[in-house]
Amino acid sequence: MFSIPHFDFQTITEIITLIKPLLSYSSTEIFSYTACRQLSQMFAAIIFFHVSEYFLAAGIHGQRNVALSSLLISKHYILAMVGSLVEYLIEITFFPWLKEYWWLSNIGLAMVLVGEIIRKMAIITAGRSFTHLIKIHHEEHHKLVTHGIYGFIRHPSYCGFLIWSVGTQVMLLNPICIIAFSVVVWHFFAQRITYEEYFLRQFFGAEYEVYAERVFSGVPFVK
């Protein structure tokens, strides 16, 4: 079921309290062309990513089998995005010149688009074999997909999300969050791949071993 994550009143109050003075102090810069363009691109990227993710998953597995938690939306995810917004507001208020490197911001936009394409190709190619939650029991419809984009990247959905998430911060020219997102998301998927591939080797045996030896994981420094 598609459900909304629980947030206690204190958490919401703290977030609002943190952002409110920044919004009032930097109102001039917030309504500048730079901020309007970069923030609108950011919000559009987030909305499109999750809405398309939900409809693809619902179309493949059925709406009843898709939960918000399986779409990588969690309290930590929302706090990370709020943190990136806070960094952006602080920097555009005190260091507005930092947000004027459009060539770099456009690279971030390109990363968002590339990451989005790679992830959606992974979902469409895998079909019913793609799940947001790691399967620990083999199911009849669970096949080892090695064609299409999976012929070049073992975990294209993780690769796509890594590129997309870091790209959002490059697009905003957030130096702190570029580093933070890179480290945290990489670490998350490095652990997840190790855990997931344990079960994939149980399910598909030597076939998966040969495939894993031949194809790049999709996440740098993860074999």
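Residues numbered from 1 in each chain as written. Predicted model: local features only at pLDDT ≥ 70, side-chain atom pairs only at ≥ 80, totals over all residues. Heavy atoms only, no water.

Novice: Any chance you could explain the packing of aromatic side chains here in plain terms?
Specialist: Two aromatic rings are characterised by how far apart their centres lie and by the angle between their planes. Taken as a whole and assessed by the stated rule, the structure comprises 12 aromatic pairs. Ring plane angle 80° and centroid distance 5.9 Å describe the contact between F161 and F189, whose orientation is recorded as edge-to-face. Here the residue F161 occupies a position in helix α6 (residues 156–172), and F189 occupies one in helix α7 (residues 175–204), the gap between them amounting to 28 residues. Of the residues examined, F161 reaches a relative accessible area of 7% and is grouped as buried. Relative to F199, the ring of Y195 lies with its centre 5.1 Å away and its plane at 80°, an arrangement referred to as edge-to-face. Remark: F199 and Y195 occur in helix α7; sequence separation between them is four residues, near one turn of the helix. (Phe/Tyr/Trp six-rings, centres within 6.5 Å; stacked < 30°, edge-to-face > 60°. Helix = DSSP H or I, 4+ residues; strand = E, 2+ residues; numbered from the N terminus. Buried < 20%, exposed > 50% of the residue type's maximum accessible area, 1.4 Å probe, protein only.)

Novice: Is there a simple way to think about the pattern of salt bridges in this case?
Specialist: If charged atoms from side chains of opposite charge come close, those side chains can pair. This structure, assessed with the given rule, holds seven salt bridges. With a shortest N-O distance of 3.4 Å, R201 and E197 are connected by a salt bridge. Of this pair, R201 and E197 both sit in helix α7, four residues apart, which is roughly one turn of that helix. The exposure class assigned to R201 is partly exposed, which follows from its relative accessible area of 28%. Look at the salt bridges and you will find they share partners, linking E53, E116, R119 and K120 into a network. (Salt bridge = Lys/Arg side-chain N within 4 Å of Asp/Glu carboxyl O.)

Novice: Can you walk me through helix α5 (residues 102–126) in this structure?
Specialist: Quick reminder: α-helices carry 3.6 residues per turn. Residues three or four places apart thus point the same way. Between its first and last C-alpha, α5 extends 36 Å over 25 residues, near the 36 Å set by a 1.5 Å rise per residue. Burial in α5 covers these residues: W102, S105, G108, V112, G115, E116, I118, R119, K120, A122, I123 and A126. Taken together, the buried residues of α5 touch α3 (33–61) and α6. At the C-terminal side of α5, G127 shows a positive phi close to 60°. (Expected span 1.5 Å × (residues − 1). Contact = heavy atoms within 4.5 Å.)

Novice: What's the story with a nonpolar patch on the surface in this structure? I'm lost.
Specialist: Among the surface-exposed residues, I90, F94, F95, W97, Y101, W103 and I107 lie close enough to one another that they form a single nonpolar patch of about 770 Å² accessible area. At the level of elements, α4 (75–94) and α5 are the ones that each hand at least two residues to the nonpolar patch. Along the polypeptide, F94 turns up in helix α4. The exposure class of F94 is partly exposed, given its relative accessible area of 47%. (Patch = residues over 30% accessible without salt bridge, like charges linked within 9 Å, V, L, I, M, F, W, Y side chains within 5 Å. Areas by Shrake-Rupley, 256 points an atom, 1.4 Å probe, with all protein chains shown as cover.)

Novice: Would you mind going over unusual backbone geometry with me for this structure?
Specialist: Glycine aside, the phi torsion of most residues is negative, and most peptide linkages are trans. Of note in the backbone geometry, L173 takes a positive phi value of approximately 55° without being a glycine. Along the polypeptide, L173 turns up in the loop between α6 and α7. Not every positive phi belongs to a glycine, and F221 is a case in point at roughly 70°. In this fold, F221 is placed in the segment after α8 (206–214). Its relative accessible area of 80% is what places F221 among the exposed residues.

Novice: Can you help me understand the environment of I124 in this one?
Specialist: Summarising the element assignment, I124 is placed in helix α5. A relative accessible area of 58% places I124 in the exposed class. Through-space distance from the C-alpha of I124 to that of A57 is 9.3 Å; in sequence the pair is 67 residues apart.

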